[in-house]
There are 2 protein chains.
Amino acid sequence: MATPIRVIEVKEEILSDNEHLADETRDGLRAKGTTLVNIMGSPGAGKTSLILETIRRLQGRRAIGVIEADIESLVDSERVRSTGTPVVQIRTGGACHVDASMVKLALEAPDLDGRDLVLLKNVGNLVCPAEFDTGATARVVVLSVPEGDDKPLKYPLMFSVSDVLVISKMDYLSLSEFDPSALKRHVLQLNRDITVFEVSCRTGEGLDEWCAWLLTRGVAAHANRS
Amino acid sequence: MATPIRVIEVKEEILSDNEHLADETRDGLRAKGTTLVNIMGSPGAGKTSLILETIRRLQGRRAIGVIEADIESLVDSERVRSTGTPVVQIRTGGACHVDASMVKLALEAPDLDGRDLVLLKNVGNLVCPAEFDTGATARVVVLSVPEGDDKPLKYPLMFSVSDVLVISKMDYLSLSEFDPSALKRHVLQLNRDITVFEVSCRTGEGLDEWCAWLLTRGVAAHANRS
């Protein structure tokens, strides 16, 4: 009977330590004018594809770096590296999310020093990453059309804590019963301040709007520095 | 510095308690000739659609029950209930997986008493549910074509512990770079004994084969009883 209570205590302790470290990280990033975007979503939602398309559009306009987190494998890091963008891999072992201590270690890597914009690809998971503040200056959830428009009902925390929802794989819409307006209705009930982009990395739909939003975040961060 | 060590200890204790309870549950199910199938996969992989199509094909041939687990919402339970099949909902609150104690409680519900086949839809998550034995007599991972064929590289545990891989949404194949033979190669490196089905709940592809496999499991469970 005692075990579940003990778990909750430990978890609260961990979450509180984590939040403290995340706040420190965020203060440090703001002082340097670095935007760190925590990109979350299910496995296969298209997080890395979004990162690759973002690099293609913003390379040369911002100094970009990437943190790729996966339980195993370097496949996504290799795709990023081939663009010439510095990338640091977090191999979480079994862990189902990225926490502030992992991001702190990654940001200390010389490759990421002095970057304007760091894109963090979290572990593919619509549950656990929502609970852990990584120190990012913005949180983004990517939900792909094939996953279905009911996901905010089942995974409300993720949609509540995110600044941006990117609806990805819009090119699948014609094959699907997915209703973007139903999705937005569900999401806005949880989070009135969320910004929504509809994108397709295959057709390019919506990617300029998404990148324009990222640039605004960068400017804001630089303005905060002065 | 002490915190992470403490976490690991607690987690091992929990996992060991959980395994003990899962073994007890499985023994009880075998004694009754009940097959309990733990269906796991990412959000939107098509777990509930697979359950609904299975009910459609096996209703009348087996007494079926369903356990639907979600962090929030009853939407999937309502879809199952509309088929006339008994369903018990596990609302996990924040929890990212189902464990043996939750399943034990669900199986005690009168609605599920005397069922031949109980289909457990786990929380949508390709990570955490793989760590927790629920007491099921078979484990199934559902991976949809839009998620990509590289997922076993990034989430190896799920594919290592599963008895069956159901590749779902095969009707999306023409729109995708998904390579079923690459997926199978990755999976078989982790798990030589896994059985693979390629299905589409939209076109019906592969569903008869999947149901035939389920019937075999049922027969085996009944045979064990004698």
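As the structure is a computational prediction, the values presented were derived from the model and not from experiment.

Draft legend 1. Molecular detail of the sheet that holds strand β5 (residues 138–144) of chain A. All names here are of chain A. In spatial order, the strands read β3-β2-β4-β1-β5-β6-β7; together these seven strands make up an open sheet with parallel pairing. The two strands at the open ends of the sheet, each matched to only one other strand, are β3 (87–91) and β7 (195–198). This sheet shows a mean twist of 20 degrees between the axes of neighbouring strands, independent of strand direction. Here five bridges tie β5 to strand β6 (residues 164–168), and the two strands are oriented parallel to one another. Counted as the bridge partner of serine 144 is serine 168 from β6. Each of β5, β6 and β7 is contacted by helix α7 (residues 180–190), which is oriented at about 160 degrees to β6, the strand it contacts most.

Draft legend 2. The side chain of aspartate 171 of chain B, seen in detail. Within the secondary structure, aspartate 171 of chain B is located in the loop between β6 (164–168) and α7 (180–190). Aside from chain neighbours lying at most four places away, what touches aspartate 171 of chain B is Leu175 of chain A together with Ser200, Arg202 and Thr203 of chain B.

Draft legend 3. Region of the structure containing the relation of the copies chain B and chain A. Mapping chain B onto chain A calls for a rotation angle of 180 degrees and an axial translation of 0.0 Å; the resulting RMSD is 0.0 Å. What we have between these two chains is a two-fold relation. Interface residue correspondence from chain B to chain A reaches 100%, placing this contact among same-surface, isologous pairings.

Draft legend 4. Summary view of the pairing of strand β4 (residues 117–121) of chain B. All names here are of chain B. In terms of residue burial, β4 counts as a mostly covered element, since five of its five residues are buried. Of the two faces of β4, the one carrying Leu117, Leu119 and Lys121 and the one carrying Val118 and Leu120 are both buried. Across five bridges, strand β1 (residues 35–41) lies against β4 in parallel orientation. Along β4, the bridge assignment pairs leucine 36 with valine 118. The pairing of strand β2 (residues 64–70) with β4 spans five bridges and is parallel. The residue bridging isoleucine 67 from the neighbouring strand is leucine 120, located in β4.

Draft legend 5. Geometry of the sheet that holds β1 of chain B. Residue and element names in this part refer to chain B. Taken in spatial order, the seven strands line up as β3-β2-β4-β1-β5-β6-β7 in an open sheet, and their pairing is parallel. Edge positions in the sheet fall to β3 (87–91) and β7 (195–198), since each has one partner strand and no second. Each strand of the sheet is rotated relative to its neighbour by a mean of 20 degrees, with strand direction disregarded. Here helix α2 (residues 47–58) sits on the sheet in contact with β1, β2, β4, β5 (138–144) and β6, set at roughly 170 degrees to β2. On the sheet, helix α4 (residues 100–107) packs against β1, β2, β3 and β4 and is oriented at approximately 145 degrees with respect to β3.

Draft legend 6. Expanded view of the packing of aromatic side chains. Tallied over the full model, the rule gives seven aromatic pairs over all chains. Geometrically, the ring pair formed by tyrosine 172 of chain A and tyrosine 172 of chain B is tilted, given 5.2 Å between the ring centres and 50 degrees between the ring planes. In this pair, tyrosine 172 of chain A is assigned in the loop between β6 and α7 and tyrosine 172 of chain B in the loop between β6 and α7, connecting two distinct chains. Taking 6.2 Å as the distance between ring centres and 75 degrees as the angle between the ring planes, the aromatic pair formed by phenylalanine 197 of chain A and tryptophan 210 of chain A counts as edge-to-face. Of this pair, phenylalanine 197 of chain A sits in strand β7 while tryptophan 210 of chain A sits in helix α8 (residues 207–225), and the two are 13 residues apart along the sequence. Members of the aromatic cluster, joined through ring pairs, are Phe197, Trp210 and Trp213 of chain A.

Draft legend 7. Broad picture of unusual backbone geometry. With phi around 55 degrees, lysine 169 of chain A is a residue other than glycine that occupies positive phi space. Its location among the elements puts lysine 169 of chain A in the loop between β6 and α7.

Draft legend 8. Focus on the interface of chain B and chain A. Residue-level contacts link 41 residues of chain B with 41 residues of chain A. A combined buried area of about 3200 Å² lies between chain B and chain A, and 59% of that area is made up of carbon and sulfur atoms. Considering only the side of chain B, the residues that lose the most area to chain A are Pro43, Lys154 and Leu175 of chain B, jointly responsible for 18% of the buried surface there. Counting across the interface, chain B meets chain A through four salt bridges. A salt bridge links lysine 154 of chain B to aspartate 76 of chain A, with the nearest nitrogen and oxygen atoms 2.5 Å apart. Contributing elements (two or more residues each) for the side of chain B that touches chain A: α1 (2–32), α3 (75–81) and α5 (151–154) of chain B.

Rules of the game
Numbers given for residues are sequential positions, taken from 1 along each chain in its written order. To label them, take the chains in the order written and letter them from A, then take the ligands in the order written and number them from 1. Only residues with pLDDT of at least 70 are given local features in this predicted model, and only at 80 or more are side-chain atom pairs given and counted; all residues enter the totals for whole chains, interfaces and linings. To obtain the side-chain values, all non-hydrogen atoms of the structure were included, while hydrogens and water were left out. If DSSP finds at least two bridges between two strands, the strands pair. For the purposes of this entry, the term helix denotes a DSSP run of H or I that reaches at least four residues, the term strand denotes a run of E that reaches at least two, and both are numbered from the N terminus. Orientation is described by lines fitted to C-alpha atoms, with helices fitted over the stretch in contact, and by angles between N-to-C directions that extend from 0 to 180 degrees. Note on definitions: a residue-residue contact is assigned when non-hydrogen atoms from the two residues lie within 4.5 Å. To line up the copies, we fit them by least squares on C-alpha atoms, keeping just the residues with pLDDT of at least 70 in both. In this scheme, a residue with accessible area under 20% of its type's maximum is buried, one over 50% is exposed, and one in between is partly exposed, where area comes from a 1.4 Å probe on protein chains only. Each pair of aromatic rings taken from Phe, Tyr and Trp, with Trp reduced to its six-membered ring, is defined by centres within 6.5 Å and is described as stacked if the planes are under 30 degrees apart, edge-to-face if over 60, and tilted in the remaining cases. Accessible area that two parts lose when put together, evaluated with a 1.4 Å probe and summed over both, is termed the buried area. A side-chain nitrogen of Lys or Arg and a carboxyl oxygen of Asp or Glu constitute a salt bridge if their distance falls within 4 Å.

No statement about biological role is implied by the geometric values presented.
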